[in-house]
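So the chains spell out like this:
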Amino acid sequence: MPELPEVEVICRGIRPHLLDRTVTAIHASGKELRRPIPLDRLRREMLLRPITFVDRRAKYLQIGVEGGARLIIHLGMTGNLGFFAPNSQAAKHDHLRWTLDNNSELRYNDSRRFGSIIMCSSHEIADLETSVFQTTGPEPFSDQFSAEYLQRLAKGKEVPVKVFIMNTRVVAGIGNIYAGESLFRAGILPTRKVRTLSGKEWLKLVTAIREILEEAIACGGSTISNFLNAHQEKGYFQVHFMVYGRRGEPCPTCRTTIENLRLGGRASYFCPRCQR
Ligand SMILES: [Zn+2]
């Protein structure tokens, strides 16, 4: 499943191809994604309006056009966006294609079709934070996401810290792998009840989360330069995981055997010696 770093890399990859261009035609496969594709709405709101911004909120991509309407894309399990030269052949599972004024195409590919395409009018975007993003907490790179914020929110709560930071209401877009890797780097056991973490530990965790995400984004950054046709290349980039998937292997820091347990229904890997 695409995580926040993958979505950020896609965002940076498509941005230079889209800014200041206009969409001249939109084609859909006719298949439903998680919801039906609002094709008429897409055409009405996007066609012939210059694209003014391309950014990311949590794991959503946002493409804004002049006049204020905004396209919001969630990639679901297998969604991807790629940029294609004029007249290049469409791939199986290309469910949506935007033709630009230079005849190149942005294409949305999704084999399992769990993604979402949402078209907001200029009137609707004012309420985005209370509609589409109602359950989405602050961005991990924002000032709002701080040790003080986490400690305040965690006060009196018995939730295990790994479950807590994977809650999108607490912070946007921290998936299972990045949560586990951040806790390893911060030296905190995934099972620790959040009310027991000190301010210093929260600060370590905030720093670790940002570092891990930044490293993952940088790792995918090398794919940006040859982004054209990116989604025909298989899979997302891999970061080097210290604990994820390494049960029974020695900890890279202290050689103690990595353990795992299920937490909130997700596999959680940790070093019982480095993490407290
Ligand atoms: Zn260790």
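Here the structure is a predicted model, which is why all the values come from computation and not from measurement.

**Student:** How should I be thinking about the overall build of the protein in this particular structure?
**Tutor:** On a plain count of helices and strands, the protein comes out with six helices and 10 strands. Expected size for 276 residues packed as a compact globule is a radius of gyration near 19 Å; at 20 Å, the protein falls within 12% of this value. In terms of its C-alpha atoms, the protein occupies a principal-axis envelope of roughly 60 × 40 × 30 Å. A total of 276 residues make up the protein; the buried ones form 48% of that total. In the protein, the proportion of contacts linking residues at least 24 apart, taken out of those at least 6 apart, comes to 67%. Roughly 13,300 Å² of accessible area belongs to the protein as shown, and the carbon and sulfur atoms make up 48% of that amount. Taken together, the 39 basic and 28 acidic charged side chains of the protein have centroids lying 7 Å from each other.

**Student:** Honestly, the sheet that holds strand β8 (residues 116-120) in this entry has me stumped. Any pointers?
**Tutor:** Neighbouring strands of a sheet are bound in pairs by backbone hydrogen bonds; such pairs are parallel or else antiparallel. Taken in spatial order, the four strands of this open sheet run β2-β3-β4-β8, and their pairing is antiparallel. A strand with exactly one partner marks an edge of an open sheet, and here the two such strands are β2 (51-57) and β8. Each neighbouring strand pair of the sheet contributes to a mean axis angle of 15°, computed without reference to strand direction. Of the pairings in the sheet, the one linking β2 to strand β3 (residues 60-65) comprises six bridges and is antiparallel in character. Across the sheet, Phe53 pairs through a bridge with Gly64, a residue of β3. Across the sheet, helix α1 (residues 4-18) lies against β2 and β3, angled at about 170° from β2, the strand it touches most. Strands in contact with helix α2 (residues 39-46) are β3, β4 (70-74) and β8; relative to β8, the strand with the most contacts, it is inclined by about 45°.

**Student:** Please explain the side chain of Arg57 as it appears in this structure.
**Tutor:** Tracing the sequence through the fold places Arg57 in strand β2. Taking relative accessible area as the criterion, Arg57 reaches 11% and is therefore assigned buried. One polar contact links Arg57 to Glu129, side chain to side chain, over a distance of 3.0 Å. Sequence-distant contacts of Arg57, defined by excluding residues within four places in its chain, comprise Gln62, Glu129, Phe133, Thr136, Gly137, Pro138, Glu139 and Ala172.

**Student:** What exactly am I supposed to notice about the coordination of the zinc ion here?
**Tutor:** Tetrahedral coordination by four donors puts the ideal angle at the metal at 109.5 degrees, and octahedral coordination by six puts it at 90 or 180 degrees. Distances from the zinc ion to its protein donors, Cys251 (SG), Cys254 (SG), Cys271 (SG) and Cys274 (SG), fall within 2.2 to 2.4 Å. The sequence motif formed by the donor residues of the zinc ion is C-x2-C-x16-C-x2-C. Placement of the pair is Cys251 in the loop between α6 (199-221) and β9 (259-263) and Cys271 in the segment after β10 (266-270), with a sequence separation of 20 residues.

**Student:** How do you make sense of the sheet that holds strand β7 (residues 105-110) when you look at a structure like this?
**Tutor:** Ordered in space as β1-β6-β7-β5, the four strands form an open sheet in which the pairing is antiparallel. Since the sheet does not close on itself, it has two edges, and those belong to β1 (23-28) and β5 (79-84), each with one partner. For this sheet, the mean inter-axis angle between neighbouring strands, taken without regard to orientation, is 15°. Pairing geometry for β1 and strand β6 (residues 94-100), over five bridges, is antiparallel. Within the sheet, the bridge partner assigned to Ala28 lies in β6 and is Leu96. Across the sheet, α1 is in contact with β5, β6 and β7; its angle to β5 comes to roughly 35°. Against the sheet, α2 engages β1 and β6, with an angle of about 175° to β1.

**Student:** I'm lost on the environment of Pro38 in this one. Help?
**Tutor:** Here Pro38 lies in the loop between β1 and α2. On the accessibility criterion, Pro38 (23% relative accessible area) is partly exposed. Those residues in contact with Pro38, other than ones at most four positions away along the chain, are Ile117 and Met119.

**Student:** How do you make sense of the pattern of salt bridges when you look at a structure like this?
**Tutor:** Pairing of side chains with opposite charge becomes possible as their charged atoms draw close. All told, the structure shown has 16 salt bridges when counted by the stated rule. Measuring nitrogen to oxygen at the nearest pair gives 3.0 Å for the salt bridge that ties Arg57 to Glu139. Of this pair, Arg57 sits in strand β2 while Glu139 sits in the loop between β8 and α3 (147-154), placing them 82 residues apart in sequence. For the pair Arg57 and Glu139, one class covers both residues: buried. One network of salt bridges, with partners in common, ties together Glu8, Arg12, Arg56, Arg57, Glu129 and Glu139.

The rules behind these values
Residues numbered from 1 in each chain as written. Predicted model: local features only at pLDDT ≥ 70, side-chain atom pairs only at ≥ 80, totals over all residues. Heavy atoms only, no water. Helix = DSSP H or I, 4+ residues; strand = E, 2+ residues; numbered from the N terminus. Rg over C-alpha atoms; globule rule 2.2 N^0.38 Å. Buried < 20%, exposed > 50% of the residue type's maximum accessible area, 1.4 Å probe, protein only. Contact = heavy atoms within 4.5 Å. Areas by Shrake-Rupley, 256 points an atom, 1.4 Å probe, with all protein chains shown as cover. Lys, Arg positive; Asp, Glu negative; His and termini not counted. Charge placed at Lys NZ, Arg CZ, Asp CG, Glu CD. Pairing = 2+ DSSP bridges. Axes fitted to C-alpha atoms, helices over the stretch in contact; angles between N-to-C directions. Polar contact = N/O pair within 3.5 Å; in protein donor to acceptor, adjacent residues only side chain to side chain. Donors = N, O, S within 2.8 Å, 3.2 Å for Na, K, Ca; no water. Salt bridge = Lys/Arg side-chain N within 4 Å of Asp/Glu carboxyl O.

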